[in-house]
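Report on the structure
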Amino acid sequence: MPSRGLLKSTGSRHGGGPTPTNLIVTATEGLTAEALKAELLKLVQQRGKEFGVIVRRVTNPAFRTVRDQASASNRESGRIEPAILVSKVFPDGHEELLRNVEVSGLTISAFKDIVAAGKEPCVYHTPFVSAGIGRTPSSELISLAVPSLLFDDVTLKQPSGAIPKPPVAKHPFFDK
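What counts, and where the lines are drawn
Counting from 1, residues in each chain are numbered in the order their sequence is written. The predicted origin of the model limits local features to residues at a pLDDT of at least 70 and limits the giving and counting of side-chain atom pairs to 80 or more, whereas totals for whole chains, interfaces and linings rest on all residues. The basis for the side-chain values is all heavy atoms of the structure; hydrogens and waters are excluded. When DSSP finds at least two bridges between two strands, those strands are taken to pair. Helix numbers and strand numbers start at the N terminus; a helix is a DSSP run of H or I with at least 4 residues, a strand a run of E with at least 2. Axis definition: a line fitted to C-alpha atoms, limited for helices to the stretch in contact. Angles are taken between N-to-C directions and run from 0 to 180 degrees. Only heavy atoms matter for contacts: two residues are in contact if any of them lie within 4.5 Å across the pair. The rule is short: rings of Phe, Tyr and Trp, with Trp giving its six-membered ring, pair when the centres are within 6.5 Å, and they are stacked under 30 degrees, edge-to-face over 60, tilted in between. Relative accessible area decides the class of each residue, using a 1.4 Å probe on protein chains only: under 20% of the type maximum gives buried, over 50% gives exposed, and in between gives partly exposed. Criterion for a charge above a ring: Arg CZ or Lys NZ at most 6 Å from the ring centre, at most 35 degrees from the ring normal. Side-chain atoms within 4.5 Å link the members of a nonpolar core, which is a set of buried Ala, Val, Leu, Ile, Met, Phe, Trp, Tyr and Cys residues.

Read across the sheet, 3 strands follow the order β4-β5-β6 without closing on themselves; strand pairing throughout is antiparallel. The open sheet has two free edges, formed respectively by β4 (52-58) and β6 (95-98), since each of these has just one partner strand. For this sheet the average axis-to-axis angle between neighbouring strands, irrespective of direction, equals 25°. In this sheet, strand β5 (residues 83-89) lies alongside β4 in antiparallel orientation, the contact comprising 6 bridges. Residue pairing for β5: Gly52 is matched across the bridge by Val89. Of the strands in this sheet, β4, β5 and β6 touch helix α1 (residues 33-47), which is tilted by about 140° from β4.

In this structure the tally under the stated criterion is 2 aromatic pairs. When the ring of Phe51 is compared with that of Phe90, the centres are 5.8 Å apart and the planes differ by 55°; the resulting orientation is tilted. With Phe51 in the loop between α1 and β4 and Phe90 in the loop between β5 and β6, the pair connects residues that are 39 residues apart, well separated along the chain. According to the relative accessible area criterion, Phe51 is partly exposed, its value standing at 30%. Among the residues examined, Phe90 registers a relative accessible area of 15% and is labelled buried. Taking the centre distance of 5.2 Å and the plane angle of 85° together, the rings of Phe111 and Phe151 count as edge-to-face. Here Phe151 lies in strand β9 (residues 138-151) and Phe111 lies in the loop between β7 (102-104) and β8 (114-130), a separation of 40 residues in the sequence. Lying across the ring of Phe51, Lys88 places its NZ or CZ 4.6 Å from the centre.

This part covers the nonpolar core. Formed by Leu36, Leu40, Leu41, Leu43, Val44, Ile54, Val89, Ala116 and Leu150, the largest nonpolar core amounts to 9 residues. Considering every element that reaches this core, the biggest residue donor is α1, with 5 residues.

Further remarks concern the environment of Leu156. Position of Leu156 relative to the elements: it lies in strand β10 (residues 155-157). Sequence spacing of Leu156 and Ala83 is 73 residues, and the spatial spacing of their C-alpha atoms is 9.4 Å.

Following the sequence through the fold, Thr155 ends up in strand β10. Here the alpha-carbon distance between Thr155 and Val103, two residues 52 residues apart in the chain, equals 6.1 Å. Contacts of Thr155, omitting those with residues within four sequence positions, involve Glu102, Val103 and Ser104.

Below, the structure is given as structure tokens:
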């Protein structure tokens with residue numbers, strides 16, 4: 001609602017309360033993608049590990065099932081969205097894709113152990129559900145622009161429940 005000195009709405013009041021629309025996070029000394037990968041490989045070498053892991057993409061929460069929403073609502077679990085694009089990175093630089101991996105135990109306290117951040121933002125669109133006392137929950141789409149992050153330590157695990165098999169159908173274009 002316009003206030004004194006504002007002739008029109010600022011658009012920041014959605015669904016009866018304030019709701020973010022865009023969140024942009026930047027790193028003042030962000031690294032390039034190649035430099036982040038080099039930093040990861042340096043950590044792998046220092047710790048004497050066989051490989052490191054890069055999570056390039058996680059599932060959009062807009063596509064969660066009701067069961068997933070119930071389990072994700074438990075903040076103590078530290079469960080975030082299932083990973084879609086994950087690779088093992090070996091000291092020689094080659095990568096191998098991993099299937100059926102879920103990031104686990106990533107809590108707010110893990111963000112104090114960020115080793116490095118990227119220069120380029122990754123844009124992510126997700127629903128933001130806002131509700132307050134006496135209000136009907138409303139869902140707005142928000143956009144996040146955040147850099148890639150290199151964490152000191154993150155746990156990966158296989159998801160619980162049934163794991164979908166990859167498609168076996170041939171591509172219709174090449175099946176002529």
